[in-house]
Every structure is written in structure tokens, then in C-alpha cells.
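Observations on the model geometry
For reference, the chains in residue letters:
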2 protein chains.
Amino acid sequence: MRTVSHDYEINLLGNDEQQRRLSRIYSAMRSAGITSALLRDNADIYYLTGRVFRGFAYVSPALETPIYFVRRPNHLTCSTPGALHLIKRPEEIADIIEKLGIDPGESFGLELDAIPYSEAVRLAAVFGRAPEANMWPVMRKARSVKTERELAMLRECGVKQSLVYERIPHLYREGMTDIEFQIEIERALRLEGCLGQFRMAGADMEIFMGNLLTGENGDTPSTYDFAMGGAGADPSLPVGADGTVIRPGAPVMVDMNGNFNGYMTDMTRMYVAGEPSAEAIHACKVSQKICAEAAAMMIPGVKAADIYNRALEIATAEGLEKYFMGHRYHAGFVGHGIGIEVNESPVLAPRSRDILQAGNVIAVEPKFVIPGIGAVGIENTYIVRAEWPAERITTAREDFMRLD
Amino acid sequence: MRTVSHDYEINLLGNDEQQRRLSRIYSAMRSAGITSALLRDNADIYYLTGRVFRGFAYVSPALETPIYFVRRPNHLTCSTPGALHLIKRPEEIADIIEKLGIDPGESFGLELDAIPYSEAVRLAAVFGRAPEANMWPVMRKARSVKTERELAMLRECGVKQSLVYERIPHLYREGMTDIEFQIEIERALRLEGCLGQFRMAGADMEIFMGNLLTGENGDTPSTYDFAMGGAGADPSLPVGADGTVIRPGAPVMVDMNGNFNGYMTDMTRMYVAGEPSAEAIHACKVSQKICAEAAAMMIPGVKAADIYNRALEIATAEGLEKYFMGHRYHAGFVGHGIGIEVNESPVLAPRSRDILQAGNVIAVEPKFVIPGIGAVGIENTYIVRAEWPAERITTAREDFMRLD
């Protein structure tokens, strides 16, 4: 267990790394014609500073560094003179900005897809405006290409998550329910340093520590925008394990939390007590094949939609089309960007307009739900590199792992 | 472990219970002058139907039952003919409402404090409007007085959480860090049926499974609107345990997740390996005394602010004023409503305008942060009854529990 640094400097990234990220943000702001913005979404604040605080960061391509307006905690400092201001109410921001001689300019941005209506109206009113420009797609674009430091943190997640996934067979006991098995995996992940938190964009997305599916429960359609569903343990959180006893020969799909440092990898592996059926082995092999082909296609300039189409083509050629990404419900994608949040850009979907870039980090999850067998498929997280091939950072072995 | 019902009826509450809740919602809508509304926040959807789905519920005092517009999952049914519509885009709603001959009326409401700006604008545009009326305070008001069924679910949470809290001493091993100890408590809670999810209002609120504090870490100011802080295991989630080794004599404050069924109780208890100091015992006793006095004051018609003021008065009389609700940072409340979310109405704070009503469920958490000693204090959840006294539903014993 590490003990965290009690450094009070608000920018934990250091200046060079923050400048790298700021230049990505500024470039995306300029493309969108946004002259200044207040950021306050926790994921964006973490991206910008390497820590989460409650408050706002004012960013503008006209400024060298952000100006921080912090509500909590009250003990942070900033090495840049005049850049940190403790506030109680956002209305204090306008005065401070004015005293600093800063002009927000033509187009003032807020994360309009992330912050509540009332708050957006209140924040825009601080500058005498109505909400006008949307920083959410800007930040999504900036964050979709990771810096080397971000990639290092993602690799760390991949290593730790893979270590735990390889140990999962030792956590199984005969007669366990899916929930009981999941709880032991949660504990193993937490002891390895997993933070538990599952950061996602979208206020209606909810999950706790991930998804473990076995038996018919795998065919319960998803309530959320996840690839797989499951009834969950309670109708208040309808996703994942539902209390099904794990039967010999029944595939167990494990897709659990890979957040070890504020970034997260996404990995799914298959487990089974006893012998999996030939159909299950086949579906798992096809999933591996699609992952490998997707990875082989991952070079800068490739269309995200083309990877989805190739995945569907392989599934169809292997006779698994009607089970691809679900059976009673079909998810409309086969992969997604990942980083601070689990649902970032680019999206591997038929109508995606995303074009791959070096530094994208993409989870590929070709999964099948086969009636009478259950959910089968793996998932890997890849780094798109300037040079072929992409780098797989979820390194646990990909075949069915035996629980006995 | 229970296995969940695979009932597909969208309203899991039954008609009588749903009508009880609808009449609360309609009454609050009438007071606010709102003629119709679309609800879509997960907590509100769960309140209205007993399950979470992705989509919208159209409610209006002019209608007997809600009309459901469901995006996911795609397998739900409704016993009320014509009340459930599967949709892909919210723009489909206007047509359906019109075909049903329904007029949204003068004032159309949305949960403007909960849903993102872009979504609110899009949903209002469905009816050719701009966002105008705010359903968030309306739902907050409706949900602040629980039905008997909700109270039964909260009592169930209290029983289960108390059972686990009484077992916590058996989970301790000498030399553990706070994080390692917390992980064992998480597992015990999960095995008892805890769902893990921590539902909170406010997009910037984050926590994983609760807060365990020992040593100087208790005096790390909070980033979030929680009573206590803690540095957390990582700057991406700055709350709670930070890797501090649990020392003999050092108080350990445990404030973990009480969500066992979509509702949650809030309970804090103190633990110690070896002998606690006289100051720690005193602070714990004062906290118990404040809880008891607060509970004794809880009758319908009492001002929430008066309870806060009485709590502060006791703390002051006991010489603990400067440690009350924090030391380096002081939280501005001593208690809060709780139910589906951890931060509901009423709020026990000096400037609160809330007046207690029968059926309120209130967590009271008088806590102290004492330099050199750490965070000390307990927390109970109470049901306000028409007849005195209030009912304590977090029943674990309140004194320091010994870890050895």
C-alpha cells in the first residue's frame, strides 16, 4: 500500500506535463472558436491538475496557466503567484478575473454536457452571459490522445489488473454465487491498489466495481450503455451478477474495475469450473481473433467505424452474427476510448466519425451472448502508436481460465 | 444471497405504493405551479417505480399514472395499457404525448439541478420550450417524507449495517493500514448484501464505499461536501483512508456504506486497538449525547436549524467547539436527510429553513477532529415519527468498540 503525498501544490503534474495537456486543450478550443472557459467536471479537473478539487479552473489560450477558483479543500497552494483563489460562491470569479485584467473574449465555454442546467446558467451569468459554447466535446477531444505520462499510468493499471485476473482462479470455491465470487475479486483488486471508483461520463451511468456474468443472467438486457447487461443484485442497480450459482461448465465473464491511479484499463476474461462447451470455446476464440484483428488495424488515420465493421464481418463469418454484442439486446459498439473515464473517445461503432490517432487508448470488447450458454468474450485495452503495431496493455492470458 | 426477481413490470412498487408517492409528487408540483414534467434522474426514477431504467417518466397531476418512455432495457412491460413506450430519441416523446391527447399545460418541469444543460435544453425543446420549471426541489421535497414501505427498507438497512458494524472488531489484524482494514469491512458489508453503490445528489460528489479515518489523516480537509475529509488513497479520489498504519490507542472512525436495497442508512462508529485516550472517550461521549439530544428534539414542526444550534451549544459547553465538525476545515452542518441518496432533505444546518415532518429520515453526525488524537464521533439515522420519540434505526452500540 502506498501512502499518498500530502503535497498541497494544486498542480500535481508539474509544469511541463500540464503545459502538454494545456496545449491540447487550447488547440481544441481554438478549433471550436472558444476564447475562455470554466472547467469544473471532476474528470477534467483531474486531467488538468492531477488532482480533484471542488471548484473551477479558468482556462484560455490567451493565458499561460489556468487560474484556479477553489471551494474545497481550503489548504491548497499554488506556485504560480495570483493563480489560486479560495472562493465560496462562483459569483466571486467575475471580480477576480476583472481585477486580473483578463477579458473572457468572444466565446465563453462550459462543460454543457456534464454540468447541470441550473449550474451552467449560474456560471454563465457570472460573466453576464447565457451558456453558449460547449467545452465538453473540446475536453473529450483533448483527452482522447494521451501524453506519455498518462500512458505510463495506464500501463500500470494494465499490469496490476492483469496480476489480479491471473489470480482469480484461486478465489473460486464450489457452490459460490456470482455475487460471492465477485466480492472475492473485488477484495483482491482492492488489495492490489484498485481505487474502486468507476468514473464514467453521463449522469445516468452507474455500476459498482464491474460486471461478472454467468448463465442466463448474461442475456438480461442492459439498462445502461454498457456492452453487457445482467439483472444485478437489486432493481435499484440493474447491472451484473444477480445471485446465480456458478455451475460446472458454465462460462463466467469477468469485467471488473481497472482503476489503480485515476486512470483505468478495461479487461474482460473468461473463467469456467470444469469443461467449457465447444460453442463457448469457439466464441472465446472468435473474440480473441477479433481483438487481434482490431489491434492489427490500429494505426493513425484508420476509421473507428472500419474496425467495428471488420469485427462484425468476422463474427458473421464465424456464424455468431446474431449473438454479437448481445442477443435479446445488441449493443451498438465493439470498443471505446478509455482513460480517466471508462467511456472516452474514440468509439468503435458503425456510425462513428472518429479517426484513430497515435496516443488513443482503446478498449475492444467483442462479446457474444449465446442462449443456453451465456455471455462469452474477452476485452483488451490497446495503445495506438505512431508505428504499427498497437500495444496491448491488458496482458493476462486470453483463453478460458479454469476455476478448479 | 437473494436472487432478484426477473419481473418485467416497469412499476415494481404496485399501484397503491406508487399512488402514495405520486400524490406526494403531485402535491409538491401543485405548490410549485408545475403542470407536467419529465423525470429522468435515476434516484427519482427509482422513487417512482422501484427500479432504475434509462429513459423518462412523464408525470402530471392531470394524469392518474405516469407515462414511461424507455430507452433501455428493451424488455420491460406495463400493466397499464398505453403507458409504456420504447423510444430511441427523446424527440419521439412529443408525438406520443400529442396522440394521447395530453396537454403539458402552463409550466413544464425538468430536474434542472440534476440533468446536464445540453440535455435539459433538448428535452424542453421536445415540447417547443426552453427549460422553465425546476422539478429537482419538487422531488427533493416529495422524497423527504418517506412512506411506510420506504421506512421498512431503511430499517432493513439499519439492521444489516449494524450487524456488520458489530462484527468489525473481528476483521482487524495488528499492523494493518486503514485501507487494508477498510477493504475487510467492505467485504463484510458486501457479503451481508450491501450493494456498494453510494448514490448522492450532485455530479461532483464522489466516494467509494465510505470513509475510514485514523490519525492525522482525519484532519485533512475535505474536498467534497462530506462532514469529514481524509486524503484518500490517491489524489484522483481525495477522501478517506490514505494508507496510515493503525496505531494502538488511535481512534478509528468507520463511516461506511449502508445501501442494502436502493435505500441507505448512515452510521458511524468508533473503534480502537488498545486503550483510547481520555480525550477521545470524552469526545465520543459528547457525540453520543448530541445524538441523543437531537433525537429527543425530533418531532414534527421543529426547525432543523434549532437542532444544529443545540448541537453546537453542547459541543461548546463541553469545551469542544473548535473541533466541532472539523478542525482545519469545519463542515457547516451536523446532519442530513437520507433515503435513496445520502444527501437528502432536511438539512441540520444553521441557516436551514427546513421544518421537520413525520416520515423524515435524518442522519445525525456530531463529529470532532482533535489535533494529536484524530477524528472522533458517531452517527445515527433516525426516523421522525408523529409521536415522540424518534426511532433510531442504526442500532449498533455507541461506545468505542475494542479491536483486540
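Residues numbered from 1 in each chain as written. Chains lettered and ligands numbered in written order. Predicted model: local features only at pLDDT ≥ 70, side-chain atom pairs only at ≥ 80, totals over all residues.

Observations concerning the confidence of the model for chain A
Any segment with low pLDDT has predicted coordinates that should not be analysed in fine detail. Averaged over every residue, the pLDDT of chain A is 96; residues scoring 70 or more account for 99%. What the predictor reports for the complex is a pTM of 0.97 with an ipTM of 0.97. (pLDDT = per-residue confidence, 0-100.)

A word on the sheet that holds strand 7 (residues 210–214) of chain B
Residues and elements named next belong to chain B. Pairing in this open sheet of four strands is mixed, and the strands run 7-8-9-17 from one edge to the other. Both edges of this open sheet fall to strand 7 and strand 17 (401–402), since each of them pairs with a single strand only. Note that strand 9 (residues 269–272) and strand 17 share two bridges and pair parallel. Among the inter-strand pairings, Tyr 271 is bridged to a residue of strand 17, identified as Met 401. (Pairing = 2+ DSSP bridges. Helix = DSSP H or I, 4+ residues; strand = E, 2+ residues; numbered from the N terminus.)

Quick notes on the relation of the copies chain A and chain B
In this structure, two copies of a chain are linked by a rotation about an axis accompanied by a shift along it. Mapping chain A onto chain B calls for a rotation angle of 180 degrees and an axial translation of 0.0 Å; the resulting RMSD is 0.0 Å. Considering both components of the superposition, the chain copies are consistent with a two-fold axis. When the interface residues of chain A are mapped onto chain B, 100% of them again lie at the interface, so the same face is used by both copies. (Least-squares fit on C-alpha atoms with pLDDT ≥ 70 in both. Contact = placed C-beta atoms within 7 Å.)

Some thoughts on the interface of chain A and chain B
On the side of chain B, 62 residues touch chain A, which itself brings 62 residues to the contact. Elements represented by at least two residues in the side of chain A that touches chain B include exactly helix 2 (42–49), helix 4 (117–126) and helix 7 (178–191) of chain A. Counting residues per element, the side of chain A that touches chain B draws most heavily on helix 7 of chain A, at seven residues.

Some words on the environment of B:Ala358
Position of B:Ala358 among the secondary structure elements: in the loop between strand 11 (344–348) and strand 12 (361–364). When neighbours within four sequence positions are excluded, B:Ala358 is seen to be in contact with B:Pro300, B:Val384, B:Arg385 and B:Ala386.

Observations regarding the domain arrangement of chain A
All names here are of chain A. The domains assigned to chain A are domain 1 (15–142) and domain 2 (145–402). Look at where the C-alpha atoms of domain 1 and domain 2 centre, and you get two points 34 Å apart. Facing the ten residues of domain 1 at the interface are ten residues of domain 2. Secondary-structure elements contributing two or more residues to the side of domain 1 that touches domain 2 are helix 1 (15–32), helix 2 and helix 5 (136–144). Of all the elements, helix 1 adds the most residues to the side of domain 1 that touches domain 2, at four residues. (Domains from an automatic or database assignment.)

What about the pairing of strand 2 (residues 54–59) of chain B?
All names here are of chain B. Burial within strand 2 is extensive, with five of its six residues counted as buried. By the bridge criterion, three bridges tie strand 1 (residues 36–39) to strand 2 in an arrangement that is antiparallel. By the bridge assignment, Ala 37 is partnered in strand 2 with Val 59. Here strand 2 pairs with strand 3 (residues 67–72) via five bridges, running antiparallel. Bridge assignment links Phe 56 to a residue of strand 3, and that residue is Phe 69. (Buried ≥ 20, exposed ≤ 12 C-beta atoms within 10 Å, placed from the backbone.)

So, the sheet that holds strand 10 (residues 335–337) of chain B
All names here are of chain B. Strand order across the open sheet formed by five strands is 11-10-12-15-16, with antiparallel pairing between neighbours. The outermost strands of the open sheet, each flanked by one partner alone, are strand 11 and strand 16 (391–392). By the bridge criterion, three bridges tie strand 10 to strand 12 in an arrangement that is antiparallel. Its bridge partner lying in strand 12, Gly 335 is registered against Val 364. The sheet strands contacting helix 5 (residues 136–144) are strand 10 and strand 11, and the helix crosses strand 11 at an angle near 80 degrees. (Axes fitted to C-alpha atoms, helices over the stretch in contact; angles between N-to-C directions.)

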